[in-house]
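Structure assessment
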Amino acid sequence: MKRLFVTLFIAFVFCNHGYGQTPKMDSLKMVAMELPPDSTRLKVLMEISTALYRVNQDSAIKYSEQARDLAQELGRMEDLGYALKNIGLAYYFKSNFPEVMTNWQQSLEAFESIDHTEGISNLLNNLGAVAYSKGDDPKALEYYLGSLRAAEKINNEERMATAYVNIGAVYANDGNTYREALENYAKALAISERTGKKDAIGTTALNIGELYLNQGNADQALLQFQKSLSVLQEIGGHVSTAFASLGRGHAEKGEYLTAIEYYNKAIAEAEKNEATIEESGAYTNLGDAYRNLNQNRQAVNAYLKGIDLAKDLEAYKEIKDGYEGLAKAYASLGDFPKAYEAQTKFDETKEVIRAEEYDTNIGNLRFQFDLENKQKEIAILNQENEIANAEIERASITRNFLFAIAGLFLLIIGGIMYQLRFVKKTSAIIEEERNKSEEILLNILPKETADELKLNGFVETKKYDQATVLFTDFKGFTLIAEKLPAEELIKSVDFYFKKFDEIIERNNLEKIKTIGDAYMCAGGLPEPNDTNQIDAINAALEIVGFVNEQHRNPKEGIYPFEIRVGLNTGPVVAGVVGTKKFQYDIWGNTVNVASRMESNSEPGKVNISEATYALIKDYYKCKYRGEIDVKNAGKHKMYFIEEAKPKLSVA
């Protein structure tokens, strides 16, 4: 399950100091036009393109392509590699990833043909930047580590710093590897400050600020973001990402109007520089801010703009974040069909990202899930056809039997006996198929909800004043999924989830859904009760006990996962969405807080919110853990369940 945090990335590349549109630049352009097609002209063209790719991408492409053609003509492979690199850089800042990949792959090939280690390091890093922007973290990390090894081979500190900060950005995507992210950022910052590279200092400060923000330390994050903005403004770099980060820092503190000002600045800067991926992210951030101010119409417009921009780039992380916010905005407006459509697209996009990250392992899981759904649909259709055919066949035989009455009295008697046997057999078939259809429906919806759907053709949305929501996920599932064979991974997840199904049914809970390695259920619905918090705690302890036992004594062919569990109690809204594929789901801040309780839990522990603690403190011994800041829900205290309190005997 993907955690709810925002990840920042800046393409971290070093360049020579440029001149922009200055008299010196004009002079260089005139010199380039007057020189003969030799190495001197090539050098001038390279200097012009290097100076321009940040400030005027179209001109940079023009002069880089001239340098590329001249380098090919002169047979200068090193200059050819750098010319292709500059073309890619200009397209990168225009967010034209297909052109970026084409030119950078050719650049890498040019450098590899002459064993130019510094160029190889540079291009491996830049290719990693594209993979990262498209959501392919494993591929990005592979490129970055290759870049670092090449830089270390020639002791190039600038390239080493580049690799360290980008490796840190990948690690920052997973809350379990924040420590590794900070270690890599610290290495990059130390090198950058020692070598006086302000571009690198600005980038590293920005990423360190994001890490602080992910950990809930908005004040420290804002200091780093402001430091980055000052440095980038000083050197004339792109500041749209810094503005967006400052907006997120203020949003984390609940200062949404200030955040909106920064997001609009980020959008204006990104649009001016044709930084489409940054513009898309800023629109999604703007949507979040409007939604937190309950201005959901403006939020919907912002999310849609961000999604449209991201689709052009196939930037799946930005698409996923946009649909996630859009679903919440539509839900707040009460437009549940559109909320469900956006949620479905969010799930689909998240699966695309996971498929790219974990190759065939998660891809096979997704394929199996889709296949199972199709099989269910086909099975239902087949059952309906069998019922219809059985009824038609019975009617046909009845008709033929009546014709036979007029002919032979003896055959009438025989026909009656045959018909009675057939009717009995056919009725049994019909009843059996109806029972199968009923069983399939009950696997998708709670019984009370299924009955309402069959009776009315629709299910009314219901509000529950008190329900307890339970989330689980497996520690380190992402890394484990990369290593395990797909068959073993699927078998292991299925083994655990089947047991969880038994446990929650025994404890009067309702399964809501599973997403990847995450399992979600709730108590107190669809039929309200007063014991849902106790039921959920009992189920959580039983789940933890089962997983811990498997970890101590693993079953053959089953991976011994470790599990985190989190719970929260409060009001929720429940209902059925969809027309072809029904899904029973729940919404509300109670669900969000429960998810945060799980993500802030520890392996083998049950982490509960203050709301749940207040209801169960007389029955269980608990350990206070401190507070966390939950977006849109304020600060929440957390407690670990330790054990049930002994029951007292009263004389």
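Residues numbered from 1 in each chain as written. Predicted model: local features only at pLDDT ≥ 70, side-chain atom pairs only at ≥ 80, totals over all residues. Heavy atoms only, no water.

Here's the deal with the overall build of the protein
- Assigned secondary structure in the protein consists of 25 helices and eight strands.
- The proportion of buried residues among the 651 residues of the protein is 50%.
- If you take every contact in the protein between residues at least 6 apart in sequence, the share linking residues at least 24 apart comes to 64%.
- By element, 51% of the accessible surface of the protein is carried by carbon and sulfur atoms, the whole surface being about 30,800 Å². (Helix = DSSP H or I, 4+ residues; strand = E, 2+ residues; numbered from the N terminus. Buried < 20%, exposed > 50% of the residue type's maximum accessible area, 1.4 Å probe, protein only. Contact = heavy atoms within 4.5 Å. Areas by Shrake-Rupley, 256 points an atom, 1.4 Å probe, with all protein chains shown as cover.)

Topic: the nonpolar core
- Formed by 108 residues in total, the largest nonpolar core has its most connected members in W104, Y185, L286 and L326.
- Take this core: its biggest share by element is ten residues, from helix α4 (residues 77-93).
- For W104, the contacting residues outside a window of four places in its chain are L84, K85, G88, L89, Y92, L123, N126, L127 and V130. (Core = buried A, V, L, I, M, F, W, Y, C linked by side-chain atoms within 4.5 Å.)

Side note on the packing of aromatic side chains
- Counted by the stated rule, this structure contains 20 aromatic pairs.
- A connected cluster of aromatic rings, assembled from ring pairs, spans F474, F477, F495, Y496, F497, F500, Y519, F546, Y559 and F561.
- Lying over the aromatic face of Y143, K139 brings its terminal NZ or CZ to 5.3 Å of the ring centre.
- Between K605 and the ring centre of F640, over which it is positioned, the NZ or CZ distance is 5.5 Å. (Phe/Tyr/Trp six-rings, centres within 6.5 Å; stacked < 30°, edge-to-face > 60°. Lys NZ or Arg CZ within 6 Å of the ring centre and 35° of its normal.)

Overview of helix α7 (residues 137-154)
- Compared with the 26 Å implied by 1.5 Å per residue over 18 residues, the 26 Å span of α7 between its first and last C-alpha is a close match.
- All of the buried residues along α7 are D137, A140, L141, Y143, Y144, G146, S147, L148, A150 and A151.
- Remark: N155 follows α7 within two positions and exhibits a positive phi of approximately 55°. (Expected span 1.5 Å × (residues − 1).)

Some remarks on the confidence of the model for the protein
- Within the protein, residue pLDDT values average 79, and 76% of them lie at 70 or more.
- Below a pLDDT of 50 lies the segment residues 1-21, which in the model reaches 87 contacts outside its immediate sequence neighbourhood of four places, other chains included.
- Every residue in residues 355-382 scores below 50 in pLDDT, and together they form 39 contacts with partners more than four places removed in sequence or on other chains. (pLDDT = per-residue confidence, 0-100.)

What about unusual backbone geometry?
- Between L525 and P526 the backbone carries a cis peptide bond, its omega angle lying at 0°.
- Its place among the elements puts P526 in the loop between β3 (518-523) and α23 (532-552).
- One non-glycine residue, N508, lies in positive phi territory at about 65°.
- Its location among the elements puts N508 in the loop between α22 (486-506) and β2 (509-515).

Quick notes on the pairing of strand β6 (residues 605-609)
- By the criterion of burial, β6 is predominantly enclosed, with four of the five residues buried.
- Relative to strand β8 (residues 634-644), β6 runs antiparallel, the two sharing three bridges. Paired with I608 across the two strands is Y639, which belongs to β8. (Pairing = 2+ DSSP bridges.)

A closer look at α22
- For α22, built from 21 residues, the straight-helix expectation of 30 Å at 1.5 Å per residue is met to within 8% by its first-to-last C-alpha distance of 31 Å.
- Considered for burial, the residues of α22 that qualify are A486, L489, I490, S492, V493, Y496, F497, F500, I503 and I504. Down the axis of α22, the buried set is contained in an arc of 160°. They therefore lie on one face. Turned more than 90 degrees away from the buried face of α22 sit E487, K498 and E505, all of them exposed. (Arc of directions from axis to C-beta.)

As for the packing of helix α13 (residues 256-272) against helix α14 (residues 276-292)
- Packing of α13 against α14 leaves a shortest axis separation of 9 Å and a crossing angle of 160°. In terms of orientation, α13 and α14 fall into the roughly antiparallel class. Handedness of the α13/α14 crossing: left-handed. On α14, the residues that touch Y256, I260, Y263, N264, A266, I267, A270 and E271 of α13 are E278, E279, A282, Y283, N285, L286, A289, Y290 and N292.
- Taken together, the residues of the contact of α13 with α14 break down into eleven nonpolar, three polar and three charged. (Axes fitted to C-alpha atoms, helices over the stretch in contact; angles between N-to-C directions. Parallel < 35°, antiparallel > 145°, perpendicular 65-115°, else oblique. Left-handed = near helix turned anticlockwise from the far one by under 90°. Nonpolar A, V, L, I, M, F, W, Y, C, P; charged D, E, K, R; others polar.)

Notes on the environment of N532
- Relative to the helices and strands, N532 is located in helix α23.
- Taking the relative accessible area as the measure of exposure, N532 reaches 0% and is therefore buried.
- When the C-alpha positions of N532 and L509 are compared, they lie 7.6 Å apart, and in sequence the two are 23 residues distant.
- Discounting chain neighbours no more than four positions away, the residues touching N532 are Q466, A467, T468, L509, G523, G524 and T569.

Overview of the pattern of salt bridges
- For the coordinates displayed, the defined rule picks out 24 salt bridges.
- A salt bridge links D321 to K320, with the nearest nitrogen and oxygen atoms 2.9 Å apart.
- We classify D321 as partly exposed; its relative accessible area is 31%.
- Owing to a relative accessible area of 7%, K320 belongs among the buried residues under this scheme. (Salt bridge = Lys/Arg side-chain N within 4 Å of Asp/Glu carboxyl O.)

Looking at the pairing of β3
- For β3, the buried fraction is high: six of the six residues fall into the buried class.
- Across five bridges, the pairing between strand β1 (residues 462-474) and β3 is antiparallel. Among the inter-strand pairings, L470 is bridged to a residue of β3, identified as C521.
- Adjacent in sequence and paired antiparallel, β2 and β3 are bridged by two residues, among which G516 carries a positive phi angle near 65°.

As for the packing of helix α5 (residues 97-113) against helix α6 (residues 117-133)
- Orientation of α5 relative to α6, taken along the N-to-C sense of each, is 155°, at an axis distance of 9 Å. Relative to α6, α5 is oriented roughly antiparallel. In this structure, the crossing between α5 and α6 has a hand that is left-handed. In contact with F97, V100, M101, W104, Q105, S107, L108, F111 and E112 of α5, α6 contributes G119, I120, L123, L124, N126, L127, V130 and S133.
- Split by residue class, the contact of α5 with α6 holds eleven nonpolar, five polar and one charged.

Overview of the environment of G570
- Here G570 shows up in strand β4 (residues 563-577).
- What makes G570 buried here is its relative accessible area of 10%.
- When the C-alpha atoms of G570 and V591 are compared, they prove to be 8.6 Å apart, with 21 residues separating the residues in sequence.
- With residues up to four places along the chain from it excluded, the contact list for G570 reads Y464, D465, Q466, A467 and T590.

Notes on the side chain of T612
- Within the element layout of this structure, T612 appears in helix α25 (residues 610-616).
- On the accessibility criterion, T612 (0% relative accessible area) is buried.
- Setting aside chain neighbours within four positions, we find T612 in contact with I537, L567, N568 and T569.

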